[in-house]
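Chain and residue survey
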Protein chains: 2
Amino acid sequence: MKRILYVIVLLAAGLALVGAASAGDPLPSWNEGPAKQAILDFVKATTDQASPKFVAPAERIAVFDNDGTLWVEHPMYTQLAFALDRVKTLAPRHPEWREKPPFKDVLDNNLPALAASGKRGLMELVMATHAGMTTQEFDQIVTDWLATTRHPRFKRPYTELVYQPMLELLGYLRANGFKTFIVSGGGVEFMRPWTKKVYGVPPEQVVGSSIKTRYELKNGKPVIVRLPEVDFIDDKAGKPVGINKFIGRRPQAAFGNSDGDLEMLQWTAAGPGARLMLLVHHTDSKREYAYDRQAHFGRLDKALNLAKRRGWVVVDMQKDWKRIFPSDK
Amino acid sequence: MKRILYVIVLLAAGLALVGAASAGDPLPSWNEGPAKQAILDFVKATTDQASPKFVAPAERIAVFDNDGTLWVEHPMYTQLAFALDRVKTLAPRHPEWREKPPFKDVLDNNLPALAASGKRGLMELVMATHAGMTTQEFDQIVTDWLATTRHPRFKRPYTELVYQPMLELLGYLRANGFKTFIVSGGGVEFMRPWTKKVYGVPPEQVVGSSIKTRYELKNGKPVIVRLPEVDFIDDKAGKPVGINKFIGRRPQAAFGNSDGDLEMLQWTAAGPGARLMLLVHHTDSKREYAYDRQAHFGRLDKALNLAKRRGWVVVDMQKDWKRIFPSDK
């Protein structure tokens, strides 16, 4: 009898422990493994006052790339899909586009020709579709497009194709006093309308590429007008520049997925104390996509080599993530 | 007897009320008057959930100009005093400056000649003294200069020549959930090293003018180098542009003191709901300075007219402020 009681007590204690552990797991969509452990260790080291690597709460800064790190970037960057749709929407007002590449290529769905137009062609598309309206009008255009458009493969709004494990990571860092910023090559005004709702990141914590703008009075009403001229490209070596310009201090943690994030991780790594540099490696063609060194969007080549040399964390999406999207079971 | 008790109770209640009111005054250095009342009314309207003008805490944004609004800008902008000192410090390494205006004018203390060199001359000085080093080196140069330099009239460090009533206002707005930003024509990297300590405003909430920077590896170590090329001028119509670029949303409250702040206040005023636009008018030559329409630094002319037309709050430093600096009795 005593023995049975003993076993029951042990079982109850065991169950209680399991319950406590799972209730307390801040990263439930992450499988146990070195990536998850590195995150937990980093947060412990920076937030434990007894740790030599403790960071004062006001100085805790974490930066996240967006495309491919927080949301899907295949079969093409979401903002590019937006630009192509905008060309089609605006085409009736621009009959000249029917004969003029790269607009013609978009209207003909001739993606190889479009790709051949290179960066210059893409820039022309962006300028034609992202400029010439007020910032408020552009906000509305983006909001409407995201509300009505579905991803070609997953048939869901793009804002639902965000990575559940990364949402947990954002929340976990914030719960531990980190200010979370997005530092993306994407357009800052393409992201700001929805990052608060989707990621919990307010507009003032979004850094991205931008075109120039001009303040003016339009019928006596102040507006800010978007101009067809590049202001800042927040990619590659532009990322640490953008971090310095918009945030004004070096982050302790940086999260990316491509060669466009290399310099941001390098800049983060070069600071003192505890550091966390993490790359999301897209290895899961079944649940999402598998790509790296040869990819057109989100190429991960040099940064993967550097991560291996420097011991940065590389997340294997297939192995490390229990779920990909919030809607996954 | 009953009557005496009654009087005692009333007196006690009265004293308690006075005590509560003075202990609870969030703006003790502000004299009672329309300026103080407008601030209190604005905060009440935006933070009271029952108010039709309630603003959700996450959306409460207040922007402050720096020179002349938060700290002294006479007899010249502090950053200009810094640039002139830097010219003198660097002169031994630049023998050619002895013969070359505007450097020659600085070395000769020939301020009229310097003023005659205009914006172009000043820009030359800034580029020669603010560029060519890493961001970290520049931070140290600014920190050292501020620690060792005294204001010519008040004989105190510039960081002590901040306005006590405005410090209280910053704190009061933050205590009510407002995120406080600086939006200054001054150089962003001239301000960021000290705004947290002096104003409680962290680097990532400082918007200002900037020169271009470049990320590079220097002996294998990542650095950001300051380049002699203007990136962004955060003044006049540049202020709403800077607010949109760095903050990404329209503030509910804006504080300035000169024509350089006109568009920022205009942009703030054009939003819906409760709005607070306030200009600090320098009217106190005894305790600080008196200047407005004719001033070389911090000219307040058009904005003063507009404030009167629109009913924006104009602070009369002499009448509205009990104390100017934290060190005042």
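Everything that follows concerns the structure shown earlier in this document.
My aim in this report is to walk through the structure given alongside it, one point at a time. This structure is a prediction, so every number in the text was calculated from the model and none was measured.

1. Focus: the overall build of chain A
The secondary structure content of chain A amounts to 14 helices and eight strands. In terms of its C-alpha atoms, chain A occupies a principal-axis envelope of roughly 90 × 45 × 40 Å. Within chain A, buried positions represent 53% of all 329 residues. Counting contacts in chain A only where the partners sit at least 6 residues apart, residues at least 24 apart contribute 65% of the total. Looking at chain A as shown, the accessible area adds up to about 15200 Å², and 57% of this sits on carbon and sulfur atoms. Between the centroid of the 46 positive side chains of chain A and the centroid of its 36 negative side chains there is a distance of 4 Å.

2. Thoughts on the packing of aromatic side chains
Across all of its chains, the model carries 39 aromatic pairs over all chains by this definition. Between the aromatic rings of W30 of chain A and W321 of chain A, the centroid separation amounts to 5.7 Å while the plane-to-plane angle is 70°, which identifies the pairing as edge-to-face. Taken together, the residues span a long stretch of sequence, with W30 of chain A in the loop between α1 (2–24) and α2 (34–47) and W321 of chain A in the segment after α14 (317–320) at a distance of 291 residues. W321 of chain A shares its class with W30 of chain A; the two are buried. Pairwise contacts between aromatic rings join W71, F82, F138, W145, Y158, F190, W194 and Y199 of chain A into one cluster. Note that R153 of chain B overlies the ring of Y289 of chain B, its terminal NZ or CZ placed 4.9 Å from the centroid. Over the ring of F232 of chain B we find K245 of chain B; its NZ or CZ atom is 4.5 Å from the centre of that ring.

3. A word on the pattern of salt bridges
All chains considered together, the criterion is met by 30 salt bridges over all chains. Where E32 of chain B meets K36 of chain B, a salt bridge forms, and the shortest distance between an N and an O atom there is 3.1 Å. Judged by its relative accessible area of 2%, K36 of chain B is buried. Where D65 of chain B meets K239 of chain B, a salt bridge forms, and the shortest distance between an N and an O atom there is 2.9 Å. One end of the pair, D65 of chain B, is in the loop between β1 (61–64) and α3 (78–90); the other, K239 of chain B, is in helix α11 (residues 238–247), with 174 residues separating them in the sequence. Of the two residues examined, D65 of chain B and K239 of chain B, each falls in the buried class. What you see here is one network of salt bridges that share partners, running through D25, E32 and K36 of chain A.

4. Considering the relation of the copies chain A and chain B
For these two chains of identical sequence, chain A goes onto chain B by a turn of 180° and a shift of 0.0 Å along the axis, with RMSD 0.0 Å. The superposition of one copy onto the other is thereby described by a two-fold rotation axis. Residue F246 of chain A, judged by its C-alpha, is the member of chain A lying nearest the rotation axis, at 3.2 Å. Interface residue correspondence from chain A to chain B reaches 100%, placing this contact among same-surface, isologous pairings.

5. Some thoughts on the packing of helix α2 (residues 34–47) of chain B against helix α8 (residues 164–175) of chain B
All names here are of chain B. Contact geometry for α2 and α8: axes closest at 11 Å, N-to-C directions at 15°. Classified by the interaxial angle, the pair formed by α2 and α8 is roughly parallel. For α2 against α8, the interelement crossing comes out right-handed. Between α2 and α8, the contacting residues are I39, L40, F42 and V43 on the first element and L169, Y172 and L173 on the second.

6. Focus: unusual backbone geometry
The residue after H74 of chain A, namely P75 of chain A, is reached through a cis peptide bond having omega 10°. Inspection of the secondary structure assignment puts P75 of chain A in the loop between β1 (61–64) and α3 (78–90). Of note, the amide linkage connecting P101 of chain B to P102 of chain B takes the cis form, showing an omega dihedral of 0°. The backbone of N109 of chain B shows a phi angle near 55°, a positive value even though the residue is not glycine. Position of N109 of chain B among the secondary structure elements: in the loop between α4 (103–107) and α5 (111–116). Since its relative accessible area comes to 53%, N109 of chain B is described here as exposed. Phi at K236 of chain B takes a positive value of approximately 50°, unusual for a residue other than glycine. On the secondary structure map, K236 of chain B appears in the loop between β4 (221–232) and α11.

7. A word on a nonpolar patch on the surface
Among the surface-exposed residues, M123, V230 and I233 of chain A lie close enough to one another that they form a single nonpolar patch of about 210 Å² accessible area. Checked against the element boundaries, M123 of chain A lands in helix α6 (residues 118–130).

8. Topic: the pairing of β1 of chain A
Residues and elements named next belong to chain A. Side chains of β1 alternate between two faces, with I61 and V63 and A62 and F64 buried alike. Summarising the sheet, β1 and strand β5 (residues 253–256) pair through three bridges and their orientation is parallel. The residue of β5 that forms the bridge with F64 is F255.

9. Points about the environment of I61 of chain A
By the secondary structure assignment, I61 of chain A is in strand β1. The sequence separation of I61 of chain A and P95 of chain A amounts to 34 residues, and the corresponding C-alpha distance is 48 Å.

10. Some thoughts on the interface of chain A and chain B
Listed by partner, the interface residues are 35 residues for chain A and 35 residues for chain B. Looking only at chain A, the three residues that lose the most surface to chain B are E204, Y215 and K245 of chain A, adding up to 23% of its buried area. Linking chain A with chain B are six salt bridges, by the criterion used here. Across the pair E204 of chain B and R249 of chain A runs a salt bridge, and its minimum N-O distance is 3.0 Å.

11. Here we look at the environment of P152 of chain B
Residue and element names in this part refer to chain B. Tracing the backbone shows P152 in the loop between α7 (135–148) and α8. By relative accessible area, which is 44% here, P152 ends up partly exposed. Those residues in contact with P152 that sit more than four places away from it in its chain are P75 and Y158.

12. Brief notes about the side chain of Q164 of chain B
Here Q164 of chain B shows up in helix α8. Not counting residues up to four positions away in its chain, the partners in contact with Q164 of chain B are S29, R323, I324, F325 and P326 of chain B.

13. Quick notes on helix α13 (residues 302–310) of chain B
Think of an α-helix as turning once every 3.6 residues; residues three or four places apart then point the same way. All names here are of chain B. If you check which residues of α13 are buried, you get A303, L304, L306 and A307. The arc enclosing the buried residues of α13, seen along the axis, measures out at 165°, which places them on a common side. Away from its buried face, by an angle of more than 90 degrees, α13 presents the exposed residues K302, K308 and R309. For α13, the secondary structure elements touched by its buried residues are α12 (262–269), β6 (276–283) and β8 (313–316). Residue G311 follows α13 closely and has a positive phi angle near 75°.

14. What to know about a positive patch on the surface
A contiguous patch of positive charge on the surface is contributed by K119, K236, R299 and K302 of chain A. With respect to the element layout, K302 of chain A can be found in helix α13 (residues 302–310).

The rules behind the values
Residues numbered from 1 in each chain as written. Chains lettered and ligands numbered in written order. Predicted model: local features only at pLDDT ≥ 70, side-chain atom pairs only at ≥ 80, totals over all residues. Heavy atoms only, no water. Helix = DSSP H or I, 4+ residues; strand = E, 2+ residues; numbered from the N terminus. Buried < 20%, exposed > 50% of the residue type's maximum accessible area, 1.4 Å probe, protein only. Contact = heavy atoms within 4.5 Å. Areas by Shrake-Rupley, 256 points an atom, 1.4 Å probe, with all protein chains shown as cover. Lys, Arg positive; Asp, Glu negative; His and termini not counted. Charge placed at Lys NZ, Arg CZ, Asp CG, Glu CD. Phe/Tyr/Trp six-rings, centres within 6.5 Å; stacked < 30°, edge-to-face > 60°. Lys NZ or Arg CZ within 6 Å of the ring centre and 35° of its normal. Salt bridge = Lys/Arg side-chain N within 4 Å of Asp/Glu carboxyl O. Least-squares fit on C-alpha atoms with pLDDT ≥ 70 in both. Axes fitted to C-alpha atoms, helices over the stretch in contact; angles between N-to-C directions. Parallel < 35°, antiparallel > 145°, perpendicular 65-115°, else oblique. Left-handed = near helix turned anticlockwise from the far one by under 90°. Patch = residues over 30% accessible without salt bridge, like charges linked within 9 Å, V, L, I, M, F, W, Y side chains within 5 Å. Pairing = 2+ DSSP bridges. Buried area = accessible area lost by both parts, 1.4 Å probe. Arc of directions from axis to C-beta.

Any link to function would need more than the numbers given here.
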